[in-house]
Amino acid sequence: MNTNTLSKVEKVYFSNSGRKSYSTKMPYIVVQNFPDLGLLTSLRFLEWVAENPEGVISLPTGKTPEYFIKWTQKLLSGWDKPENRSLMEKNGLFIAKKPSLKGLHFVQIDEFYPINPKQHNSFYDYVINYYIKGFDLDPSRALLINCDEISLPNGRHYSEVFPDSIIDLSLRNREAVSQFEKNQQASLFSIDNWCSDYENKIRDMGGIGFFLGGMGPDGHIAFNTRGSDHNSTTRLTATNFETQAAAAGDLGGIEVSRTRLVITIGLGTITHNRDGVSILFAAGEAKAPVVRNALENKPDNMYPATVLQRQKNSRFYLTEGAAVLLHDSIEKYYRDGDWCFEKTEKAVFDLCQRIDKYAHKLVIEDLKNDKYCSLIPDLSLARVNEVIQSTRTKMELGLKKESDQTFLHTGPHHDDIMLGIFPCIIPTLRVQSNKFHFSVLTSGFTAVTNIMLQNLMQETLNLINQGKIGMLKYPDFFEQGYKYKFDKDVSHYLDKIAARDEPGKLRGICHRMTRVMVDIYNLKSIQQLTDQIEKNIELLKSSYSGEKNPPDIQKLKGMLREFEEELVWAHYGVKVQNIEHLRLGFYTGDIFTPQPERNRDVEPVYEMLKRIQPTVISLAFDPEGSGPDTHYKVLQAIAEALRKWSKEKDLSEIRIIGYRNVWYKFHPSEANVFTPVSLNSMAVLNWSFKNCYISQVDASFPSYELDGPFSDLSQQIWVEQFKKVQLILGKDFFYENDSPKIRCTHGMIYHKEMKLDEFLLHARELEKSMEGV
């Protein structure tokens, strides 16, 4: 492998990665986690700028650049500080004079069309705030995509030509059938001409000298989705479902992103400058499949990033998780360090998957012919039997009856606990000696669309005007009464579920909405209540989809999500008072949320731990810190609270259950507890999810893996995980088993149980990497 093409910064990071070579089509560098990824990218950017002070740059939008932006701003603003100089030089950046970014030319990568450029969720707004202003670039040298400045025939505005923001691309190829369509067709061709001009301006500058981009769930670069022509240029185009799902959070729901077109530079645009530096960065195991496809395949339209093979200076910057499926990473895992049983497990599980053969039917030749099983020390079929026995042991732990425990189940968002370990919790809930507390650490308001809240507000107003919110008649309701009988709201709603009474369910929600309105706005009469509801309705009507709501609306949305969580666990008799709503302050709804702070975010968790005195704590386990960023920030707050508590009390016996759900998955060898899931548990999951998580029924913010509710995706994952276990134990192990619980197994949940010290080791690594940001 030739490392001479790497820059000085890249050589340091490559050396520190512990990798001696790469066998991929393009070079890549691996770092430990998300913040480190940002630092590497920032240092390489500054290194390039110092050598190309008037070069052409194109930088990404979204969440992935968070630490790239933060590190770049920190280093530039404190260039001569000793700690910054030391950090830069330690990582290969030796530049005496701070580079000026004023001479750079900036090219915006993409944008939704149409979108008001003043909206905070437009990419134009992002570029202006984080790059033009944030990096102190010269706006006169910026080539931007401002939808207001894309001229349309007769001076029309896009809101006049496309009043519903929907553009029919078939008008490029068919006859317009009305004057309205003729105006749209003419405008469409004008937009196409604008895109051609944009492309020509980029090429007239010599192309892009430094391109930094992320990768979408389908492997897209910019908005060049799977199947894009590698010679594509700037254009107005549609997207695919995976991209629409990823954009749903930006645009206020899949209902909007499903029909919204985009303007994007093309793959040919990105690679026009053959000497240009093109860097793609990716974090987390969710990106591992698209990273592998990009780096290990020859140029192929199905894998957009393979186009970068045209450029000698193309690079991939990856976290360990994003690189985990690369052939090199698998080789490193098996060949570096001492052999351990986890490696044996992984090798045998993967062999059974690859050749589709049950473990008990493997023969010694299967093991010897497999690249990694052949590395197992003292290789024999006895090693396979050890994996079979280990799998049975993990299942036995998943079926173990728990008693006399105090459980604290935590989730970053509402529904995380349910989607992660719902069937694991249910058996323990039925044991009377167990105590239960559930805690959602953030408000979760971003998961509630404006239109949903608007409709609920309107229905609440209607019921009040019809005299159907009876509690308003109580004489002390506006002073004290609204604070009581939260459990009654929950019970009322569950009664209506049982009766299949949809209007009754809606009325139950409106009861809770009434209580929280009085609480949030300190209302003192029915008139004040109806006036405030009407104000909220008007505010929501005037808000654009995806707009950041004011704090009172955020709180209102969050309290709706809290009601949903109470409904789920009330199925099993858990009281409202045992559902903790912490609403940690770092959760702001901004594109980049702040880091957890000790007083604001850690202290509430610490106080909760002392009050509950849990013996078992469950949490979303994302130690790499690759997102959703709420996951690792919540993990850090819990870890720091546990550290503080451990100084006062011996916590050596406390058990930590690390779970993953629809965002990240364990390999069977990584988990040490397998919980069998029955069809009954799946039915309860789906029934409870669709009846209780009312804000999620329409799946406005779906996973890119499934166009539907998250409960369906959880079930799909559990079934896939069960198939892996079946290959190890055999189907007959299940349907002929003496245990009814095992006989009725049709899904499997993996989780990792840890003692406190082990958990804190994972959390500490991430915390250290964030120091100084």
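A. Molecular detail of the overall build of the chain. On a plain count of helices and strands, the chain comes out with 28 helices and 17 strands. Relative to the compact-globule value of 28 Å for 773 residues, the chain shows a C-alpha radius of gyration of 28 Å, a close match. Its C-alpha atoms give the chain principal-axis dimensions of roughly 80 × 75 × 60 Å. With 773 residues in all, the chain has 58% of them scored as buried. Of the contacts made within the chain by residues no fewer than 6 positions apart, 78% connect residues no fewer than 24 positions apart.

B. Up close: the pattern of salt bridges. Tallied over the entire structure, the rule returns 48 salt bridges. For Lys 312, the salt bridge identified is with Asp 275, shortest N-O distance 3.4 Å. Pair noted here: Lys 312 is in the loop between helix H11 (288-296) and strand E10 (313-319) and Asp 275 is in the loop between helix H10 (267-270) and strand E9 (277-282), with a separation of 37 residues, a long-range link. Of the two residues examined, Lys 312 and Asp 275, each falls in the exposed class.

C. Inspection of the nonpolar core at higher detail. Membership of the largest hydrophobic core comes to 107 residues, with the highest contact counts inside it found for Phe 45, Leu 59, Tyr 113, Tyr 131, Phe 316 and Leu 318. Top contributing element to this core by residue count: helix H2 (residues 34-51), with 9 residues. Residue contacts for Phe 316: discarding those within four places in its chain leaves Met 26, Pro 27, Tyr 28, Ile 29, Met 215, Leu 280, Ala 294, Leu 295, Ala 305 and Leu 308. Counting residues in hydrophobic clusters, the runner-up holds 72 residues, among them Cys 424, Tyr 493, Tyr 521 and Ile 749.

D. Structural context of the pairing of E9. For E9, a buried count of 6 out of 6 residues is recorded, marking the element as mostly surrounded by other parts of the structure. The two faces of E9 match: Val 277, Ile 279 and Phe 281 on one face and Ser 278, Leu 280 and Ala 282 on the other face are all buried. When strand E6 (residues 210-213) meets E9, the two strands line up parallel, connected through 4 bridges. Within the sheet, the bridge partner assigned to Leu 212 lies in E9 and is Ile 279. In this sheet, E10 lies alongside E9 in parallel orientation, the contact comprising 6 bridges. When the bridges of E10 are listed, Ile 279 appears paired with Arg 315.

E. View of the sheet that holds strand E17 (residues 745-755). Pairing is mixed in the open sheet, where 7 strands are placed in the order E13-E12-E11-E14-E15-E17-E16. Two strands close off the open sheet at either side, each with one partner strand: strand E13 (579-581) and strand E16 (673-678). Taken pair by pair, the neighbouring strands of this sheet meet at an average axis angle of 25°, ignoring direction. Judged from the 3 bridges that link them, strand E11 (residues 406-411) and strand E14 (residues 616-620) form a sheet pairing that is parallel. Residue pairing across strands places Leu 408 opposite Ile 617, the latter belonging to E14. Against the sheet, helix H16 (residues 416-429) touches E11, strand E12 (435-440), E14, strand E15 (655-659), E16 and E17, its axis set at about 165° to E11.

F. How the structure looks around the packing of aromatic side chains. Considering all chains together, one arrives at 34 aromatic pairs under this definition. Taking the centre distance of 6.1 Å and the plane angle of 80° together, the rings of Tyr 126 and Phe 592 count as edge-to-face. Remark: Phe 592 occurs in the loop between E13 and helix H22 (598-612) and Tyr 126 occurs in helix H5 (residues 123-133); sequence separation between them is 466 residues. What makes Tyr 126 buried here is its relative accessible area of 6%. Among the aromatic side chains, those forming a connected cluster through ring pairs are Phe 45, Trp 48, Phe 68, Phe 106, Tyr 126, Tyr 130, Tyr 131, Phe 135, Phe 210 and Phe 592. Stacked on the ring of Phe 666, the Lys or Arg Arg 660 has its end atom at 4.3 Å from the ring centre.

Reading the values: rules and limits
- Residues numbered from 1 in each chain as written.
- Predicted model: local features only at pLDDT ≥ 70, side-chain atom pairs only at ≥ 80, totals over all residues.
- Heavy atoms only, no water.
- Helix = DSSP H or I, 4+ residues; strand = E, 2+ residues; numbered from the N terminus.
- Rg over C-alpha atoms; globule rule 2.2 N^0.38 Å.
- Buried < 20%, exposed > 50% of the residue type's maximum accessible area, 1.4 Å probe, protein only.
- Contact = heavy atoms within 4.5 Å.
- Salt bridge = Lys/Arg side-chain N within 4 Å of Asp/Glu carboxyl O.
- Core = buried A, V, L, I, M, F, W, Y, C linked by side-chain atoms within 4.5 Å.
- Pairing = 2+ DSSP bridges.
- Axes fitted to C-alpha atoms, helices over the stretch in contact; angles between N-to-C directions.
- Phe/Tyr/Trp six-rings, centres within 6.5 Å; stacked < 30°, edge-to-face > 60°.
- Lys NZ or Arg CZ within 6 Å of the ring centre and 35° of its normal.

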